[in-house]
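Observations on the model geometry
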Amino acid sequence: MKFERNQKTKSQIPTASFGDIVFLLLIFFMVSTVFKTEDGLEVDLPRAESGVEIKRDDIRNIYVDQFGRISVDDKLVSEELAAQIMAQSYESNPMTIVAFQGDINTDYEVMDRIMEELKKVNAVRVSFNNKVESTQPKF
Amino acid sequence: MAVKIKKFRRPTEEMNMSSIADIVFLLLIYFMVVTVFQQDIGMPFVLPAAAEQEETVQIKESNTASLQVTASNIVLLDDQPMAINGIKNELERRLLENPKLVVIVENHPMSDYGVFAAVLDEVRLAKCRKVAIKMMDV
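Residues numbered from 1 in each chain as written. Chains lettered and ligands numbered in written order. Predicted model: local features only at pLDDT ≥ 70, side-chain atom pairs only at ≥ 80, totals over all residues. Heavy atoms only, no water.

**Here we look at the sheet that holds strand S5 (residues 102–107) of chain B**
Put simply, the rule is: Strands are labelled as partners when DSSP assigns at least two bridges between them. Secondary structure follows DSSP: runs of H or I at least 4 residues long count as helices, runs of E at least 2 residues long count as strands, and numbering of each begins at the N terminus. Note on contacts: a residue pair qualifies if any of its non-hydrogen atoms lie within 4.5 Å across the two residues. Interaxial angle, 0 to 180 degrees, is taken between N-to-C directions of lines fitted to C-alpha atoms, where a helix line uses only the stretch in contact.
Strand order in this open sheet of five strands is S4-S3-S2-S5-S6 (chain B), and the pairing throughout is mixed. Taken across any chain shown, the strands that pair with only one partner, and hence form the sheet edges, are strand S4 (80–81) and strand S6 (131–135) of chain B. Direction of pairing for strand S2 (residues 64–69) of chain B relative to strand S3 (residues 75–77) of chain B: antiparallel, over a ladder of three bridges. Looking at the pairing, Gln68 of chain B lines up with Leu76 of chain B of S3 of chain B. Contacts between helix H3 (residues 108–120) of chain A and the sheet are confined to S5 and S6 of chain B, with S6 of chain B contributing the most and set at about 110° to the helix. Docked against the sheet, helix H4 (residues 113–125) of chain B engages S2, S3, S5 and S6 of chain B, running at close to 175° with respect to S5 of chain B.

Right, here's the structure in full:
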C-alpha cells in the first residue's frame, strides 16, 4: 500500500519588499514631521563663552530685535503683554526660564523694560541667550 | 516521435532580502539614538522678585565692583575705562582679595544689549556669584 505523503504546502510570504515598506514609512514620517518651531525675529545673538545649555522644555523665548520689537510665540507684543504670557507659563511650569533672544544692537532700555515687567509678575528666572563663542572678537 | 525540447530556463538568482528590513531598522535606531537636537545656549540669571525688592540690602561700597556701560558703549570699572576682555582678570583678582564682592552692572538706556551680554559673560567667567544688573538713571 502506498501512503501518500503528507506533504505540507510550503507557504511563504515574500519578505523582499518589507525593506521597501520600512523605507517608505521612514521617508513618509521624515517628510511629514514638523517640529514645533518659533520663527521669532531675526536677531544677531551676542557671543559669549560662559553660556550653558538650557533645557528646551522649560524655555520660553522672547525675541527682541534691533528695532526694539518684541516677539513672543511669533506675535509682536508689548512689554506688558510679554510679561503676562510669561506669567501664565510660570503658573503651568514654575521652572520656566524666560530666554532673551536679543540682538546685540538692541538698546538696553528695551531689555530693562521687559525685565521690570517680568519682575512685577515674578517671572524671575531668565537667560540671556547667546551664540557659542568663536574665534571672532566678542563685540 | 515527439522530441522533448527542454525549455531554456534562466537559473533564478534571488538575493535574500529578508535581512534588509533589519538593516534599515538598525540604521533608523542608530540615527535616532545619535541625533542630538541643537540646544539653546544662554547665561541664566535670576532677577530679584518684586517682593524682594522692597527689602533693600545695604552693601558696603568697599564690597562692590561697579561696572558701567555708557551710552557710547564704553565700559567703566569703578569709573575707570576698561577693555571688555580685561574685566575677567580684574574681577578674578578682586574676588580673591574680597570674596564678598558684589558686582553691579549698570547700563545706560542707550547702550547696546550686546555690550551688556559681553560684560555679563566676563563677570560669569570670573566666577562672580553675586551680580546685580540695573539701568542707569538718566
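**Examining the packing of helix H1 (residues 18–32) of chain A against helix H1 (residues 18–34) of chain B**
As a reminder, the rule being used: Note on terminology: angles under 35 degrees are roughly parallel, angles over 145 are roughly antiparallel, angles of 65 to 115 are roughly perpendicular, and the others are oblique. For any helix crossing, the convention is left-handed if the near helix is rotated counterclockwise from the far helix by under a right angle, and right-handed if that rotation is clockwise. Residues were grouped as follows: Ala, Val, Leu, Ile, Met, Phe, Trp, Tyr, Cys and Pro as nonpolar; Asp, Glu, Lys and Arg as charged; and all remaining residues, including Gly, as polar.
It is at 7 Å that the axes of H1 of chain A and H1 of chain B come closest, and there the two elements cross at 25°. Comparing their axes, H1 of chain B and H1 of chain A come out roughly parallel. Handedness of the H1 of chain A/H1 of chain B crossing: left-handed. Every residue of H1 of chain B that contacts H1 of chain A at Phe18, Gly19, Val22, Phe23 and Leu26 of chain A is listed here: Ile20, Ala21, Val24, Phe25 and Leu28 of chain B. Along the lines of polarity and charge, the residues of the contact of H1 of chain A with H1 of chain B split into nine nonpolar, one polar and no charged.

**Structural notes on helix H2 (residues 79–92) of chain A**
Residues and elements named next belong to chain A. Quick reminder of the rule: The span expected for a helix works out to 1.5 Å for each residue beyond the first. Any residue under 20% of the maximum accessible area for its type is buried, any over 50% is exposed, and the rest in between are partly exposed; the area is computed with a 1.4 Å probe on protein chains only.
Helix length check: H2 (14 residues) gives 21 Å between terminal C-alpha atoms against 20 Å at 1.5 Å per residue, within 8%. When we look at burial in H2, the residues that qualify are Glu79, Ala82, Ala83, Ile85, Met86, Ala87, Ser89 and Tyr90. On its buried face, H2 is in contact with strand S3 (59–64), strand S4 (70–72), strand S5 (75–77), strand S6 (97–102), H3 and strand S7 (125–129).

**Some remarks on the pairing of S5 of chain B**
Residues and elements named next belong to chain B. Note the following rule: Crossover handedness is defined here as right-handed if the route from the first strand over the helix to the second strand goes clockwise, with the strands pointing away from the viewer.
Of all six residues in S5, five are buried, a share of seventy percent or more. Pairing analysis gives six bridges linking S2 to S5, with the strands arranged parallel. What sits directly across from Leu67, in S5, is Val105. Across five bridges, S5 lies against S6 in parallel orientation. Bridge pairing in S6 places Val105 opposite Ile133. The parallel pair S5 and S6, bridged by H4, forms a crossover whose chirality is right-handed.

**Overview of the packing of aromatic side chains**
All names here are of chain B. Applied cut-off: When the centres of two rings from Phe, Tyr and Trp lie within 6.5 Å, Trp using its six-membered ring, the rings pair. Their planes under 30 degrees apart give stacked, over 60 give edge-to-face, and anything left gives tilted.
Taken as a whole, this structure holds eight aromatic pairs over all chains when the rule is applied. A centroid spacing of 5.2 Å and a plane angle of 75° characterise the contact between Tyr30 and Phe31, whose relative ring orientation is edge-to-face. Judged by its relative accessible area of 48%, Tyr30 falls in the partly exposed class. Under the relative-accessibility criterion, Phe31 is labelled partly exposed at 49%.

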